[in-house]
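Below, each chain spelled out in residue letters.
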Amino acid sequence: MILRKSILRQFKEKKFQFIGVTILLIVSIMLYVSMSMGISTLDNRNAQFKDEYSQEDFHMILSNEIPSNQLSRWEDKFDLILEERRYGDLPYTNEDTTLRLFSLTNEINISYASEGALPQEAGEVALSPVFAKAQNIEVGDEIEVNGDALEVTGFVYLPDYIYILERESDLLSDPSTFGIGVTTERTLLSVADQTVTQVLGDGASVQARDSFKSTVTEDYSLLKWLNQEENPRIQFVESEIESSQKLITTLPLFILALSVLMVLMIMKRRLEMQRKEIGTLKALGYRNRELIRHYMMYAAFIGLLGSLLGVAAGAGLSIPITDLYSNYFNLPSISYFDWDPKVLVIGFVIPNVILLLMTYFVIRKPLQQSPLDLLRPKDTAAGKKSMLERLPLLNKGSFMTRFRTRLLARSKARAVYILLGVMFSSILLIFGATMYKGMDGIVDATYKEILTYNYAAHYKTLQEETPSQGESPFTAAEAEISEVNGEKIDSIDQQSMIYGLEPDTDQIHLKTEEGKLLNSKLKEGVILSEPFASALGLAEGDTITLTNAYNSNTLKKKVQGIASVYIGFSIYDERGEVNKFLGYPEEVYTGKWTNKEPENSENVLFIENKQDIIENFESTSALTRYSVFGIAGFAFLIGVIVLTLITNLIVEENSPSISLFKVMGYTDKEVSKLIINVYTPIVLIGFILSVPIGILSIDQLMNSLVEQTGFAMPVHLSPLMIGMSLVTILFTYYVSLTLSRRKLKKVSLQEALKKQQD
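The name recorded for the chain in an unreviewed UniProt entry is FtsX-like permease family protein, from Pontibacillus chungwhensis. Reading the Subcellular location (unreviewed entry) entry of the UniProt record for the chain gives the comment "Cell membrane".

Written as structure tokens, this is what we have:
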């Protein structure tokens, strides 16, 4: 009972330390539980949606019409399900906003109405919720599309447009400029100037799919074939789930380590301060296991309080996180509570087990001493100088310098703790700054310096007309790298394209990161985009073997360079070589790059407006830029807690010295400089170390994600961003010093005398 009372008294006296450690523990568990449950729920919703609403395995677009019974013949032969679907792009309210309307399907990519009903009559339409919200449209409203009035009957989700991208080459979804909807085929044909017919496929194995594709290309000209695994509208959400699952434990684990280390340091300090009390209790008859149980109660109380609050906060936070993800990826909320009980158990049990085990090993050693040894003052004469203290260089200088050096050398554990805390906060800041800068780098390098055209027109059929002046023809087709340096490799789960172009074109300038122009090297080999090179580990000088979906031709080429094209898996070669590889006549082309907007005719499959892509990217990447401030705020919070806890502990441990300095006439400012400002070099070293480690970590992270995301990010950090990160860390450090100086001022002049009497 007496021991139990002392626990409450200690918590009251040292409330800042215990509250700070508990907050660290809460933050760590909250992050793990909220992210794990949020991603788990998102994964369940995605799996349920694609299964119940028959997400396509692939889709294709043919250049010519197929007979009405052809689909059923293919279905019987290859044991798969095929269904035709039409779609058309229509301007909505202005030329900058596009609404893509699909005809309704019954077997594949079935529409899910989250509100209202699917359109059944002519003149009705159902829209995606994110587009309707961005355009301020409600169910029951009447909208004008291409001059016709359509009634909105409901909000709808499509399994093949989970991440709503206008083009497969887009990175970010922007509902303010692009949206989707479904309507009846009759309505679609009446409002759209032209439509495209897709053939959707489901239920085929990979082998059957390949065999089917070969059969189709024997009789028909295939304009497009896109497997589910290569479709970014489907795969972005799965890549996000997969990459998040890998990262879910990293951040919380580091904060958990910081909180456990802090508890251990507090416990060690507590045992040293209560050395005589422990000796007295043992002399009175208390057994070691009773005293161990008593001191374990500190860790148990912090662990239970932190884990319970962390699990509760994490579970609550997972709901808005899931909703945020679901809205971003356009996933319907088919189910609401897909919580994984395993996450709750891990979030509660693991931190407590780690905390109690580590605490047990810390308190066991001093309790093994005899009562008599514990009642004697600690033999300071037996203490030896550390190797650092014996260095002649560190024994020179003024008293203040030597005192600060000795203090630093004798508390290596705290120096390491501060170093880790500063590095953690600094790496977070560098991560945010790199992301901020990297988004600009993608746009500047890819769309402004290399792809200099304004428009790209892609045709349904092969073109033979001589392009006008200022236009640059190209041939584009799917192709994949099957061998590297003569050895077979696994194919990547992303659509890879080969572009045939004229080396002297003014519409695309293939440049290296250093700005070296590579166009002339197309006569000697191929140039690869940065994501392709990163995903396969390719470098200049490697030899690759290409295959394509149109015939059995292979093409062996030497890699002549890596261009700073950060989006897409692209291979660039001479147009004549690509046409020969694909089996096309030498002079034909499938598209052209131009600076003037091309006419939209029946022969045009789609027109790519580069300015739209840039604006889309810049407007939606604003979210990433805002997130940098959130990351900076989080880094500041963790940094202040960690640094304040450790400087507070230093003040407490050195209170006799502080008191003595005050008696000798030192001012609070001078004492502060002697005692708590001593770790300034450690803070600077921690930041300096974190810069290359942070950049290297981010580079490796992006390399590991490039295959799933299809884009690479230039990892560069300008001196300005480094300077701003350093200022933030120093500001964090001085805020913690200010908080600790308040405790230093409260140390009384009699503290040294009291210690001497003890």
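Participant: In this structure, what is going on with the overall build of the chain? I would like to understand it.
Facilitator: Counting its secondary structure elements, the chain contains 24 helices and 20 strands. Principal axes of the C-alpha set define a box for the chain whose edges measure 100 × 55 × 45 Å. Classification of the 758 residues of the chain by burial places 52% in the buried group. Per element, the accessible surface of the chain, about 35,300 Å² overall, is 55% carbon and sulfur. Counting 72 positive and 91 negative side-chain charges, the chain places the centres of these two groups 25 Å from one another.

Participant: Teacher, can you tell me more about the pattern of salt bridges here?
Facilitator: Opposite charge on two side chains makes pairing possible when the charged atoms of those side chains draw close. Here the structure, examined in full by the defined rule, presents 11 salt bridges. Between Glu 185 and Arg 86 there is a salt bridge, and its shortest N-O distance comes to 3.3 Å. Of the two residues, Glu 185 sits in helix H5 (residues 185-191) while Arg 86 sits in strand S2 (residues 81-92), which places them 99 residues apart along the sequence. The partner of Asp 573 in a salt bridge is Lys 557, and the shortest N-O contact between them spans 3.5 Å. Of this pair, Asp 573 sits in strand S18 (residues 569-574) while Lys 557 sits in strand S17 (residues 554-563); the two residues are 16 residues apart in sequence, bridging distant segments of the chain. Each of the two residues, Asp 573 as well as Lys 557, counts as buried.

Participant: What am I meant to see in the UniProt feature "transmembrane region" (unreviewed entry) in the chain here?
Facilitator: Using the residue numbers shown here, the UniProt feature "transmembrane region" (unreviewed entry) corresponds to residues 16-35, 247-267, 295-321, 341-363, 415-436, 626-651, 671-695 and 715-736. For residues 295-321, helix accounts for 100% and strand for 0%, while the C-alpha atoms at its two ends are 38 Å apart. The distance from the first to the last C-alpha atom of residues 671-695 is 38 Å, and the span holds 84% helix and 0% strand.

Participant: Help me understand the confidence of the model for the chain in this model?
Facilitator: One rule of thumb: low pLDDT means the predicted coordinates there are not for detailed reading. Here the chain shows a mean pLDDT of 82. Residues at 70 or above account for 91%. Taking the mean pLDDT of every element in the chain, the minimum, 56, falls on helix H24 (residues 751-757) and the maximum, 93, on strand S5 (residues 124-127).

Participant: Before we go on, may I ask you to explain unusual backbone geometry in this structure?
Facilitator: When glycine is set aside, most residues are seen to have a negative phi, and most peptide bonds are trans. You will see that Ser 54, though not glycine, has its phi angle at about 50°, which is positive. In the Ramachandran plot, Asn 109 falls in the positive-phi region, its phi being about 50° despite a non-glycine side chain. Mapped onto the secondary structure, Asn 109 falls in the loop between strand S3 (94-103) and strand S4 (112-116).

Participant: How should I be thinking about the packing of aromatic side chains in this particular structure?
Facilitator: For any pair of aromatic rings, geometry is given as the distance between the ring centres together with the angle between the planes. Tallied over the entire structure, the rule returns 23 aromatic pairs. For the ring pair Phe 78 and Phe 212, a centre distance of 5.3 Å and an interplane angle of 65° mean the geometry is edge-to-face. Placement of Phe 78 in helix H3 (residues 70-78) and of Phe 212 in helix H6 (residues 206-219) is noted, with a sequence separation of 134 residues between them. Overall, Phe 78 belongs to the buried group, its relative accessible area being 10%. Taking the centre distance of 5.6 Å and the plane angle of 70° together, the rings of Tyr 360 and Phe 361 count as edge-to-face. A relative accessible area of 28% means that Tyr 360 is categorised as partly exposed. An aromatic cluster of three or more residues is present, and its members are Phe 58, Trp 74, Phe 78, Phe 212, Tyr 220 and Trp 225.

Participant: I'm lost on the nonpolar core in this one. Help?
Facilitator: Side chains of nonpolar character tend, in soluble globular proteins, to be buried together. Within the largest apolar cluster, 130 residues are counted, with the highest numbers of intra-cluster contacts made by Met 262, Leu 510, Tyr 572 and Ile 675. Non-local contacts of Met 262, meaning those with residues more than four positions away in its chain, are made with Val 21, Tyr 417, Leu 645, Ile 646 and Leu 649. One finds Ile 498, Phe 532, Leu 555 and Ile 562 within the second-largest nonpolar core, a separate group that totals 23 residues.

Participant: What's the story with a positive patch on the surface in this structure? I'm lost.
Facilitator: Where like charges cluster on the molecular surface, the positive patch consists of Lys 12, Lys 15, Arg 742 and Lys 746. Within the secondary structure layout, Lys 746 lies in the loop between helix H23 (719-745) and H24. Among the residues examined, Lys 746 registers a relative accessible area of 70% and is labelled exposed.

Participant: What's the story with helix H10 (residues 288-329) in this structure? I'm lost.
Facilitator: Working note: α-helix, 3.6 residues per turn, so residues spaced by three or four point in the same direction. With 42 residues, H10 should cover 62 Å at 1.5 Å per step; its first-to-last C-alpha distance of 57 Å lies within 8% of that length. Along H10, the sharpest change in direction is near 30° and occurs at Met 297. Looking one or two residues beyond H10, the residue adopting positive phi is Asn 330, at roughly 60°.

Participant: What is the right way to read the packing of helix H14 (residues 399-410) against helix H21 (residues 668-675) from this model?
Facilitator: Each pair of packed helices gets described by two things: the angle between the helix axes and the distance between those axes. Contact geometry of H14 with H21 gives a least axis separation of 8 Å together with a crossing angle of 45°. What the angle tells us is that H14 and H21 run oblique. Of the residues in H21, those touching H14 at Met 400, Phe 403, Arg 404 and Leu 407 are Lys 673, Leu 674 and Ile 675. Looking at the contact of H14 with H21 residue by residue, the class counts come to five nonpolar, no polar and two charged.

Participant: Looking at this structure, I do not really get H14. What am I missing?
Facilitator: Taking 1.5 Å per residue, 12 residues should reach 16 Å; H14 reaches 16 Å between its end C-alpha atoms and fits that length. Taken residue by residue, H14 has Phe 403, Leu 407 and Ala 409 as its buried positions. Seen from one end, H14 has its buried residues packed into an arc of 165°, which puts them on one side.

Participant: Explain the packing of helix H2 (residues 15-52) against helix H8 (residues 250-273) to me, please; I cannot follow it from the model alone.
Facilitator: Where H2 contacts H8, the two axes come as close as 8 Å, and the packing angle between them is 160°. As summarised for this structure, H2 and H8 are arranged roughly antiparallel, according to the angle between their axes. The chirality of how H2 crosses H8 is left-handed. Two secondary-structure elements touch here, H2 through Gln 17, Phe 18, Val 21, Leu 24, Leu 25, Val 27, Ser 28, Leu 31 and Tyr 32 and H8 through Leu 251, Pro 252, Ile 255, Leu 256, Leu 258, Ser 259, Met 262, Val 263, Ile 266 and Arg 270. When grouped by side-chain class, the residues that make up the contact of H2 with H8 number 15 nonpolar, three polar and one charged.

Participant: Quick question: what am I supposed to make of a nonpolar patch on the surface here?
Facilitator: Taken together, the side chains of Val 345, Ile 346, Val 349, Ile 350, Val 353, Ile 354, Leu 357, Met 358 and Phe 361 define a hydrophobic patch exposed on the protein surface, amounting to about 720 Å² of accessible area. For Val 345, the location among the structural elements is in helix H11 (residues 341-367). Relative accessible area serves as the criterion here: at 49%, Val 345 is assigned to the partly exposed category.

Participant: Explanation requested: the environment of Ile 646 in the structure shown.
Facilitator: For Ile 646, the location among the structural elements is in helix H19 (residues 622-653). Once residues lying within four places of it in the same chain are set aside, the contact partners of Ile 646 are Met 262, Met 265, Arg 414, Tyr 417 and Ile 418.

Participant: What exactly am I supposed to notice about the pairing of S18 here?
Facilitator: Two faces make up the sheet, and in a regular strand the side chains alternate between them. Counting buried positions along S18 gives five out of six residues, so the element sits mostly inside the fold. In terms of strand pairing, strand S14 (residues 496-501) meets S18 through six bridges, oriented parallel. Note on S18: the bridge partner recorded for Tyr 499 is Tyr 572. As paired elements, strand S15 (residues 526-529) and S18 share two bridges and run antiparallel to each other.

Participant: Sorry if this is basic, but what is going on with the side chain of Glu 56 here?
Facilitator: With respect to the helices, strands and loops of the structure, Glu 56 is situated in the loop between H2 and strand S1 (58-62). For the buried residue Glu 56, which engages in no salt bridge, the nearest side chain bearing the opposite charge is Arg 85, 4.9 Å off. Of note is the side chain of Glu 56, whose polar atom sits 3.0 Å from the side chain of His 59. Beyond its immediate sequence surroundings of up to four residues, Glu 56 is in contact with Ile 108, Asn 109, Asp 160, Leu 200, Gly 201, Gln 228, Asn 231 and Ile 234.

Calculation notes
- Residues numbered from 1 in each chain as written.
- Predicted model: local features only at pLDDT ≥ 70, side-chain atom pairs only at ≥ 80, totals over all residues.
- Heavy atoms only, no water.
- UniProt positions renumbered as here; feature names shortened; annotations may be inferred.
- Helix = DSSP H or I, 4+ residues; strand = E, 2+ residues; numbered from the N terminus.
- Buried < 20%, exposed > 50% of the residue type's maximum accessible area, 1.4 Å probe, protein only.
- Areas by Shrake-Rupley, 256 points an atom, 1.4 Å probe, with all protein chains shown as cover.
- Lys, Arg positive; Asp, Glu negative; His and termini not counted.
- Charge placed at Lys NZ, Arg CZ, Asp CG, Glu CD.
- Salt bridge = Lys/Arg side-chain N within 4 Å of Asp/Glu carboxyl O.
- pLDDT = per-residue confidence, 0-100.
- Phe/Tyr/Trp six-rings, centres within 6.5 Å; stacked < 30°, edge-to-face > 60°.
- Core = buried A, V, L, I, M, F, W, Y, C linked by side-chain atoms within 4.5 Å.
- Contact = heavy atoms within 4.5 Å.
- Patch = residues over 30% accessible without salt bridge, like charges linked within 9 Å, V, L, I, M, F, W, Y side chains within 5 Å.
- Expected span 1.5 Å × (residues − 1).
- Bend = angle between axes of the 7 residues up to and from the residue.
- Axes fitted to C-alpha atoms, helices over the stretch in contact; angles between N-to-C directions.
- Parallel < 35°, antiparallel > 145°, perpendicular 65-115°, else oblique.
- Nonpolar A, V, L, I, M, F, W, Y, C, P; charged D, E, K, R; others polar.
- Arc of directions from axis to C-beta.
- Left-handed = near helix turned anticlockwise from the far one by under 90°.
- Pairing = 2+ DSSP bridges.
- Polar contact = N/O pair within 3.5 Å; in protein donor to acceptor, adjacent residues only side chain to side chain.

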